[in-house]
Amino acid sequence: MRKTIILSALMLTTAAAPSAAQGWTEGLYIRLFGGGSFLLDDTATLSNGRSGSVSFDPGFAWGGALGYEITRNISAELELIYRSAVVSSFGNPALGTGGDYASLAVMANVTYQLDGWKVGLGQRLRPFAGVGLGVIEEVDFDLQGGTSPGEFSDSGRLAFQVRGGLNWELTRNWIASTEVRYFNAGTPKLGGPAGRTLEAGYQSIDVLLGLAYRF
């Protein structure tokens, strides 16, 4: 799928970047991350009038970011993140018997981190908080069973997120992190087969681990 190709290219680029680093990269960093994504329960509505609640099993999220430290405490970055969760149940059986809801988003984040505390030789813990605004490159709901099975998708929708967590500066260059974030893409209207549509809210709570390399 297109999203897999894009993410794979990003992973390869970030993995190769340290070897190309010279003085001009000072202030830049790359970050890889992944973890659990918990899509919040919502209501799904088909264009044929069928409507009901939808719940999801715990899913996953992973991606990468390229950022720049504007000051010691403030940084800005461009992030690519993929999320996916499987349906656990529908409140109305006519909606379907299963499926999954996934998205690929490009986000611009601004982060503020405190100076923190030294915890060892050359190591420091630094709490951080941030916000992000971006665009859903693709969001799709693969609906199984019910009265209107098929793939429903949309793109170009605005989204925002709020983040908070802890950076652990292992060395001058390597930083481990843990964070919790809230992501909201509103209620996309997804187009499907034969002109049918599906509306379902897309909000998630993500718990992520990351590793960054600072140039």
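Above this text is the structure in question.
All values reported here derive from a predicted model rather than from experimental measurement.

1. Notes on the side chain of S204
And then number 1: Considering the arrangement of structural elements, one finds S204 in strand β14 (residues 203-214).
And then number 2: Within polar-contact distance, the side chain of S204 engages the side chain of D206 at 3.2 Å.
And then number 3: For S204, the residues in contact, after removing those within four places along its chain, are S37, F38, L39, L40, R83, R181, Y182 and F183.

2. A short note on the environment of S53
And then number 1: Mapped onto the elements of the fold, S53 is located in strand β3 (residues 51-56).
And then number 2: C-alpha separation for the pair S53 and D42, spaced 11 residues apart in sequence, amounts to 5.7 Å.
And then number 3: Not counting chain neighbours up to four residues away, the residues in contact with S53 comprise D42, T43, S89, F90, G91, N92 and L95.

3. Quick notes on the environment of F90
And then number 1: Relative to the helices and strands, F90 is located in strand β5 (residues 74-90).
And then number 2: For the pair F90 and G52, spaced 38 residues apart in the sequence, the C-alpha separation amounts to 6.8 Å.
And then number 3: Beyond its immediate sequence surroundings of up to four residues, F90 is in contact with S53, V54, L95, G96, T97, G98, F141 and L143.

4. Side note on the side chain of R124
And then number 1: By the element assignment, R124 lies in strand β8 (residues 123-144).
And then number 2: At 4.7 Å, E169 is the nearest oppositely charged side chain to R124, a buried residue that forms no salt bridge.
And then number 3: Not counting chain neighbours up to four residues away, the residues in contact with R124 comprise R72, D115, G116, W117, K118, V119, N167, W168 and E169.

5. Digging into the environment of I136
And then number 1: By the element assignment, I136 lies in strand β8.
And then number 2: Residue classification places I136 among the buried residues on the basis of a relative accessible area of 1%.
And then number 3: Discounting chain neighbours no more than four positions away, the residues touching I136 are S103, L104, A105, S155, G156, R157, A159, F183 and A185.

6. What to know about the pairing of strand β13 (residues 197-200)
And then number 1: Side chains L198 and A200 project from β13 onto a buried face, and the interleaved T197 and E199 project onto a face without burial.
And then number 2: Pairing of strand β2 (residues 42-46) with β13 involves three bridges; the strand directions are antiparallel. Each residue of the ladder has a partner; that of L46, found in β13, is L198.
And then number 3: In this sheet, β13 lies alongside strand β12 (residues 189-191) in antiparallel orientation, the contact comprising three bridges. Considered in β13, the bridge of L190 is made with L198.
And then number 4: Hairpin connection, β12 to β13: the antiparallel pair is bridged by five residues, and A194 has positive phi, about 55 degrees.

Cut-off values and rules
Sequence positions are assigned chain by chain, starting from 1 and proceeding in written order. pLDDT decides what is reported in this predicted model: residues at 70 or higher carry local features, side-chain atom pairs at 80 or more are listed and counted, and totals for whole chains, interfaces and linings draw on all residues regardless. In computing side-chain properties, one takes all heavy atoms of the structure into account and sets aside hydrogens as well as water. Under the scheme used here, helices are H or I runs from DSSP no shorter than 4 residues and strands are E runs no shorter than 2 residues, and both carry numbers assigned from the N terminus. What qualifies as a polar contact is a pair of N or O atoms within 3.5 Å, subject to a donor-acceptor requirement within protein and to the restriction that residues adjacent in sequence count only when both atoms come from side chains. The contact criterion used is simple: two residues touch if any of their non-hydrogen atoms lie within 4.5 Å. Think of it in three bands: residues with accessible area under 20% of the maximum for their type are buried, residues over 50% are exposed, and the middle band is partly exposed, with areas taken using a 1.4 Å probe on protein chains only. Residues counted as positive are Lys and Arg, residues counted as negative are Asp and Glu, and His and the chain ends are not counted. Throughout this description, the term salt bridge denotes a Lys or Arg side-chain nitrogen within 4 Å of a carboxyl oxygen of Asp or Glu. By definition, two strands form a pair when at least two bridges between them are found by DSSP.

Note that every value here comes from positions in space, so none of it alone points to a role or purpose.
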